[in-house]
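Analysis of the macromolecular model
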Amino acid sequence: MSNRRPETMERITTPALASAFIDEQIAAVREQVGDGKVLLALSGGVDSSVVAALLIRAIGKNLVCVHVNHGLLRKGEPEQVIKVFREELGANLIYVDAVDRFLDKLAGVADPERKRKIIGKEFIDVFAEEAKKLDGIGFLAQGTIYPDILESGPVKSHHNVGGLPEELNFELVEPVKFLYKDEVRVVGKELGLPDNMVYRQPFPGPGLGVRCVGAITRDRLEAVRESDAILREEFARAGLEGKVWQYFTIVPDFRSTGITDGLRTYDWPVVIRAVNTVDAVTADVAELDFNLVKRIVARITGEVKGVNRVLWDVTPKPSGTIEWE
Ligand code: XMP
């Protein structure tokens, strides 16, 4: 099959167009896989979630979804994947708790690229092990979208890790491969996926792993996860969800002195990063209301264990990248 989007293909901008696309793809997938079983790594990101929802409609339990929890997901994400896909959509979903395995492999590793490689490789290994346990898989579904094919984005081209191993050498099913991100979202909405899944901000493959700067420790990782949850909650409350392109927290690997309830502390800082961009190649710092910033600082220092200070990164890209590693 060609890897070029057909010139006649209309842009999917409305629910009616999404619905027609879904019907077409359901027929195409059924034609391609017949009674065969299809495997999908379901991260909970927009693309894999839309593919999962589409394939559940097309082939039901013949889709086997594998959700690998590598311990670097945001607060509540694995629970949401289970709730939406297993409980609401009736997916055949295998949940793999690989938290200890990933964190053990990452222990003491400070170099960002080595961290990324370990996370990428371990992910493939865990997924391939699950695939080996299953009988009769004939196909591998992927949430490839058109920008991945064009390699126009700087993101996946330089961040993707290696090829697929022998055990995963199945025929590919890629129902959204000609869609742009905004079209994938319209399709996801039409498939009934929740807004916070369909409109969620970009989240790197290595997850919170690259926001727990240097060698990952469990206490700092929890501080990243908890502070990120507070930041997202406060942004949502302030009506900024979907208005600021990407926002998250980082925990560096140094400590500073502080004081809490009259007692001296020596704890981690949390860094707030919130940026706007069109293509992630350059980015501007989002101009936040200072009262919002103060509320976030109070909540993070009051609620997150091991944190006594909050910094706000006001560096555009360039010179700073969006992530810290
Ligand atoms: P930077 O930090 O390079 O990030 O300005 C640009 C965009 O890419 C995301 N990013 C990643 N995405 N794997 C991914 O899938 C990665 O390793 C990775 N590193 C950065 C980043 O979140 C931002 O949206």
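What counts and what doesn't
Residues numbered from 1 in each chain as written. Predicted model: local features only at pLDDT ≥ 70, side-chain atom pairs only at ≥ 80, totals over all residues. Heavy atoms only, no water. Helix = DSSP H or I, 4+ residues; strand = E, 2+ residues; numbered from the N terminus. Buried < 20%, exposed > 50% of the residue type's maximum accessible area, 1.4 Å probe, protein only. Contact = heavy atoms within 4.5 Å. Axes fitted to C-alpha atoms, helices over the stretch in contact; angles between N-to-C directions. Parallel < 35°, antiparallel > 145°, perpendicular 65-115°, else oblique. Left-handed = near helix turned anticlockwise from the far one by under 90°. Nonpolar A, V, L, I, M, F, W, Y, C, P; charged D, E, K, R; others polar. Domains from an automatic or database assignment. Buried area = accessible area lost by both parts, 1.4 Å probe. Salt bridge = Lys/Arg side-chain N within 4 Å of Asp/Glu carboxyl O. Polar contact = N/O pair within 3.5 Å; in protein donor to acceptor, adjacent residues only side chain to side chain. Near = heavy atom within 4 Å. Areas by Shrake-Rupley, 256 points an atom, 1.4 Å probe, with all protein chains shown as cover. Pairing = 2+ DSSP bridges. Phe/Tyr/Trp six-rings, centres within 6.5 Å; stacked < 30°, edge-to-face > 60°.

**Considering unusual backbone geometry**
- Cis geometry is adopted by the peptide bond preceding Pro318, which originates at Lys317 and carries an omega value of -15°.
- Within the secondary structure, Pro318 is located in the segment after strand S10 (307-312).
- Following Pro318, the chain continues into Ser319 via a peptide bond in cis, with omega recorded as 15°.
- Within the secondary structure, Ser319 is located in the segment after S10.
- Despite not being glycine, Ala280 shows a phi value in the positive range, around 70°.

**Quick notes on helix H8 (residues 181-190)**
- Buried residues of H8: Glu183, Val184, Arg185, Val186, Val187 and Gly188, and no others.
- Where H8 is buried, its residues contact helix H1 (15-33), helix H2 (46-59) and helix H9 (195-198).
- Of the residues flanking the end of H8, it is Gly192, one or two places downstream, whose phi is positive at about 90°.

**Brief notes about the packing of H2 against H8**
- The N-to-C vectors of H2 and H8 enclose an angle of 45°; their axes lie 10 Å apart at closest approach. It follows from the interaxial angle that H2 and H8 lie oblique. As H2 runs across H8, the sense of the crossing is left-handed. On H8, the residues that touch Val46, Asp47, Val50 and Arg57 of H2 are Lys181, Val184, Arg185, Val187, Gly188 and Glu190.
- In terms of residue class, the contact of H2 with H8 is built from 4 nonpolar, 1 polar and 5 charged.

**Side note on the domain arrangement of the protein chain**
- Domain boundaries in the protein chain define domain 1 (15-198) and domain 2 (211-312).
- Domain 1 and domain 2 are separated by 28 Å when their C-alpha centres are compared.
- Both faces considered, domain 1 and domain 2 share a buried interface measuring about 1200 Å² in area, 55% of it formed by carbon and sulfur atoms.
- Taken together, the links from domain 1 to domain 2 amount to 3 salt bridges.
- Lys75 is the partner of Glu226 in a salt bridge, and the nearest nitrogen-oxygen pair spans 3.0 Å.
- Across the contact surface, domain 1 and domain 2 share 6 residue pairs in polar contact (both at pLDDT 80 or more).
- When grouped by side-chain class, the residues that make up the side of domain 1 that touches domain 2 number 7 nonpolar, 2 polar and 5 charged.

**Some thoughts on the site of the ligand**
- Close to the ligand lie 13 residues, the nearest being Arg116, Gln246, Lys317, Ile322 and Glu323.
- Within the side chain of Gln246, an N or O atom sits 2.9 Å from an oxygen atom of the ligand.
- Contact between the ligand and Glu323: an oxygen atom at 2.5 Å from a side-chain N or O atom of the residue.
- In the complex, 88% of the free accessible area of the ligand, which totals 490 Å², lies under the protein chains.
- Across the shell around the ligand, the residue classes break down as 6 nonpolar, 4 polar and 3 charged.

**Things to note about the pairing of strand S7 (residues 256-260)**
- Bridge count for S7 against strand S8 (residues 263-276) is 5 bridges, and the pairing is antiparallel. Within S8, the residue paired with Thr257 across the bridge is Tyr266.
- Linking S7 back to S8 in an antiparallel pair, the connection comprises 2 residues, with Asp261 at a positive phi of about 50°.

**Thoughts on the pairing of strand S3 (residues 92-97)**
- Inspection of the sheet shows strand S2 (residues 63-69) paired to S3 by 6 bridges, in the parallel sense. Opposite Cys65, over in S3, you have Leu93 as the bridge partner.

**What about the packing of aromatic side chains?**
- Taken as a whole, this structure holds 4 aromatic pairs when the rule is applied.
- Note on Phe123 and Phe127: the rings are 6.4 Å apart at their centroids and 15° apart in plane angle, and the pair reads as stacked. Here Phe127 and Phe123 lie together in helix H5 (residues 112-133), a separation of 4 residues that amounts to about one turn.
- You can call Phe123 partly exposed: its relative accessible area is 25%.
- Cluster of aromatic residues (ring-pair linked, three or more members): Tyr146, Phe178 and Tyr180.

**Details of the environment of Leu292**
- When you line up the elements, Leu292 lands in helix H11 (residues 290-303).
- A relative accessible area of 3% means that Leu292 is categorised as buried.
- For the pair Leu292 and Arg237, spaced 55 residues apart in sequence, the C-alpha to C-alpha distance is 9.8 Å.
- Excluding residues that lie within four positions of it along the chain, Leu292 makes contacts with Glu234, Phe235, Ala238 and Leu240.

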